[in-house]
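In case you want the letters, here they are:
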Amino acid sequence: MTRHPVNASRTYSQKVFEGLTERLGSAFSALRAKGRLSSGDVDEALREVRLALLEADVHVGVAKTLLDRVRARAIGAEVTKSLTPGQQVVKIVHEELIATLGGEAAPLAHASKPPLVILLVGLQGSGKTTTAAKIARRLAGQGKHPMLVAADLQRPAAIDQLEMLGRRIGVPVFADRGGKAPKLVRAAVKRASSEGHDAVVIDTAGRLQIDDVLMAELSEVRHAAQPHEVLLVVDAMTGQDAVNVASGFLEKAELTGLVFSKLDGDARGGAAISAREMTGRPIKFAGVGEGVDDLEVFHPERMASRILGMGDVLTLIEKAEKAWDEGEAAAAAEKMLTASFTLDDFLDQFQQVRRMGSIGQLLGMLPGAASALGQVDVSDKDLGRVEAIIRSMTPAERHDPKIIDGSRKRRIAKGSGTTAQDVNGLLRKFVETQKMMKAFAEGRHPIPGLATPGRGRNRNRKR
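Values in this document were obtained by computation on a predicted structure and should not be read as measured data.

**Student:** Report on the overall build of the protein, specifying residues and quantitative values.
**Tutor:** When you go through the protein residue by residue, the secondary structure sums to 21 helices and 8 strands. For the protein, the proportion of contacts with a sequence separation of at least 24, taken over those separated by at least 6, is 73%. If you sum the accessible surface of the protein, you get close to 22700 Å²; carbon and sulfur atoms cover 52% of it.

**Student:** Outline the nonpolar core, supporting the account with residue identities and numerical values.
**Tutor:** In terms of nonpolar packing, the biggest core is built from 70 residues, with Ile202, Leu232, Phe249 and Phe260 touching the most fellow members. Tallying contributions element by element places helix α5 (residues 85-101) first for this core, with 7 residues. Phenylalanine 260 has contacts with Val234, Ala236, Ala271, Ala272, Ala275, Ile283, Phe285, Ala286 and Gly287, leaving out every residue within four places of it along the chain. By size, the runner-up hydrophobic cluster in this structure holds 24 residues, among which are Leu120, Leu148, Ala150 and Leu231.

**Student:** Could you give an account of helix α11 (residues 270-279), with specific residues and numbers?
**Tutor:** Among the 10 residues in α11, 8 count as buried, and that is most of the element. Those residues of α11 that sit buried are Gly270, Ala271, Ala272, Ile273, Ser274, Ala275, Arg276 and Thr279. A positive phi of about 75 degrees marks glycine 280, the residue just after α11.

**Student:** So what about unusual backbone geometry? Which residues, and what values?
**Tutor:** A cis amide bond, omega 10 degrees, links proline 114 with the succeeding residue proline 115. Tracing the backbone through its elements, the reader meets proline 115 in the loop between α5 and β1 (116-121). Its identity is not glycine, yet aspartate 57 carries a phi of approximately 75 degrees, on the positive side. Positionally, aspartate 57 belongs in the loop between α2 (39-55) and α3 (60-74). Residue classification places aspartate 57 among the buried positions, given a relative accessible area of 17%. The phi torsion at glutamate 254 lies on the positive side, around 55 degrees, for a residue other than glycine.

**Student:** Account for helix α9 (residues 212-225), with residues named and values stated.
**Tutor:** With 14 residues, α9 should cover 20 Å at 1.5 Å per step; its first-to-last C-alpha distance of 20 Å lies within 8% of that length. Listed as buried for α9 are Met215, Leu218, Val221, Ala224 and Ala225. Following α9 by one or two positions, glutamine 226 adopts a phi angle in the positive range, close to 50 degrees.

**Student:** How would you sum up the environment of glycine 170? Please name residues and give values.
**Tutor:** With respect to the element layout, glycine 170 can be found in the loop between α7 (156-169) and β3 (173-174). Taking relative accessible area as the criterion, glycine 170 reaches 61% and is therefore assigned exposed. Between the alpha carbons of glycine 170 and histidine 145 there is a distance of 10.0 Å; along the sequence they are 25 residues apart.

**Student:** Before we move on, could you go through the sheet that holds strand β6 (residues 257-261) and cite the residues and values that matter?
**Tutor:** If you trace the 8 strands from one edge of the open sheet to the other, you get β3-β2-β4-β1-β5-β6-β7-β8, paired in mixed fashion. Only two strands of the sheet have a single neighbouring strand rather than two, namely β3 and β8 (295-297).

**Student:** Would you mind going over the packing of helix α10 (residues 241-253) against α11 in detail, with residue names and values included?
**Tutor:** Relative placement of two packed helices is described by the angle separating their axes and the distance separating the axes. Running from amino to carboxyl end, α10 crosses α11 at an angle of 30 degrees, the nearest separation of the two axes being 9 Å. Note that α10 runs across α11; the crossing there is right-handed. Packed against α10, whose contacting residues are Ala242, Val243, Ala246, Ser247 and Leu250, the element α11 presents Ala271, Ser274, Ala275, Met278 and Thr279 at the interface. Here the residues of the contact of α10 with α11 sort into 7 nonpolar, 3 polar and no charged.

**Student:** Please set out the pairing of strand β4 (residues 199-204) residue by residue, giving values where relevant.
**Tutor:** Of all 6 residues in β4, 6 are buried; the element is thus mostly enclosed. Pairing of β1 with β4, which is carried by 5 bridges, proceeds in the parallel orientation. Bridge pairing in β4 links leucine 116 to alanine 199. Bridge count for strand β2 (residues 146-151) against β4 is 6 bridges, and the pairing is parallel. Each bridged residue has a counterpart across the sheet, and for methionine 147 the counterpart in β4 is valine 200.

**Student:** I'd love a proper account of the environment of threonine 84, names of residues and values included.
**Tutor:** Its location among the elements puts threonine 84 in the loop between α4 (77-80) and α5. Remark: the alpha-carbon pair of threonine 84 and leucine 31, spanning 53 residues in sequence, is separated by 9.7 Å.

**Student:** Mind laying out the packing of α9 against α10, listing which residues take part and the relevant values?
**Tutor:** The interhelical angle for the contact between α9 and α10, taken along N-to-C directions, is 50 degrees, at an axis separation of 10 Å. In terms of axis orientation, α9 runs oblique to α10. Classified by chirality, the crossing of α10 by α9 is right-handed. Along the contact surface, α9 presents Asp212, Met215, Leu218 and Arg222, while α10 presents Gly248, Phe249, Lys252 and Ala253. Split by residue class, the contact of α9 with α10 holds 4 nonpolar, 1 polar and 3 charged.

**Student:** How would you sum up the pattern of salt bridges? Please name residues and give values.
**Tutor:** What the rule picks out here adds up to 20 salt bridges. Taking the shortest distance from any N to any O, the salt bridge between lysine 91 and glutamate 95 comes out at 2.6 Å. Taken together, the residues lysine 91 and glutamate 95, both in helix α5 and 4 residues apart, mark about one turn of the helix. Lysine 91 sits in the partly exposed class, given a relative accessible area of 40%. Owing to a relative accessible area of 28%, glutamate 95 belongs among the partly exposed residues under this scheme. For the salt bridge of arginine 411 with glutamate 397, the shortest nitrogen-to-oxygen distance reads 2.7 Å. Taken as a pair, arginine 411 in helix α20 (residues 406-416) and glutamate 397 in helix α19 (residues 395-399) lie far apart in primary sequence, 14 residues in all. Take arginine 411: its relative accessible area is 36%, and that puts it in the partly exposed class. Through salt bridges that share partners, Arg69, Arg73, Lys91, Glu95, Glu96 and Glu277 make up one connected network.

Parameters and conventions
- Residues numbered from 1 in each chain as written.
- Predicted model: local features only at pLDDT ≥ 70, side-chain atom pairs only at ≥ 80, totals over all residues.
- Heavy atoms only, no water.
- Helix = DSSP H or I, 4+ residues; strand = E, 2+ residues; numbered from the N terminus.
- Contact = heavy atoms within 4.5 Å.
- Areas by Shrake-Rupley, 256 points an atom, 1.4 Å probe, with all protein chains shown as cover.
- Core = buried A, V, L, I, M, F, W, Y, C linked by side-chain atoms within 4.5 Å.
- Buried < 20%, exposed > 50% of the residue type's maximum accessible area, 1.4 Å probe, protein only.
- Expected span 1.5 Å × (residues − 1).
- Pairing = 2+ DSSP bridges.
- Axes fitted to C-alpha atoms, helices over the stretch in contact; angles between N-to-C directions.
- Left-handed = near helix turned anticlockwise from the far one by under 90°.
- Nonpolar A, V, L, I, M, F, W, Y, C, P; charged D, E, K, R; others polar.
- Parallel < 35°, antiparallel > 145°, perpendicular 65-115°, else oblique.
- Salt bridge = Lys/Arg side-chain N within 4 Å of Asp/Glu carboxyl O.

Structure (structure tokens):
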């Protein structure tokens, strides 16, 4: 399995919707505590939900439409006759939030005759150039042979940036610094077709939706490209103005979808909820970091679950499949069962976990973990400290930690920028882990009184 390193800092929606998740959690806790719900209870909870949405920069019209739908269902029979009315209201909010976000993931269009042409538009600084490379990278990973087109002739550095990104991901870039954008795009599509490229991703110049001259030029570029997809790249940091931007481009560029960039930043996330509802166009991708691999398909159901603190196990599984090598995982499992797991093995598995993303992000994908994260300080710096300690050991020390005496601990601590106490703590936890693995290998459950099924002498024990 091919593995690509994952930017460990990315936090798709976990950080973006942190405040919204917390406020909604408080509102729903009050509902769950009640055995029966009156219309007043529902109204009080929905007022809290409304405030949470507005604080998250959700457009006021979108918030009102969403809550009107929720209230119509929440005071109906499906709640009043439910044995768990509080849970039923949460379920309704979840379903209506999914509908607001688009219902289901929207795939890219299919070109009956290649190449598939994707035109990226948006404001200057929204992340179009990086997004173009990310989409090309994703298409290449699916077995396609894309070509990038540098049609942003307003900003010379954009061409240099796209060419650099193209070299990094192994995708050719078509550019003509002295040409006109419509002519360049027409020539690029023709070249792609003749050279066997089955996808073309076009980066265009940033422009304001209210600039009639530049929007007229964009119309010419669109006519020249005859794209199957026109994707508006929206900076998630834009806030409520994202609705105005999206509406302006929708009218003049015939958008087919949206891409949100910088969803790993400090934005409050309302733009993603608002733009889909206001434009009627699906969100197709979410940019979750600066790396070329940091682009994810936008799944409304998964996003809604994460906003409501329900986790996102499917995305967690997908991350694991990308980051973990099956052969190495099988070998590690065998070592665990034979109790021959060393610090070298631990370091290798540790690095594979870190390739999946930050620990805070991964925990945020587990159902119920959002509330726990508010009480537990999960720091990637602590995990980096563990890696530094192991890397400061010699091969012999990693293989047999028993030889690590006081002087070795001081050397390891100095080399890793930690303390001898930190080294002691890591070694103690590793020994405990080895003991647990040995117990499983011998068929004994590490918790007294419980047996491990299917292994060792406990397998045929009489009851």
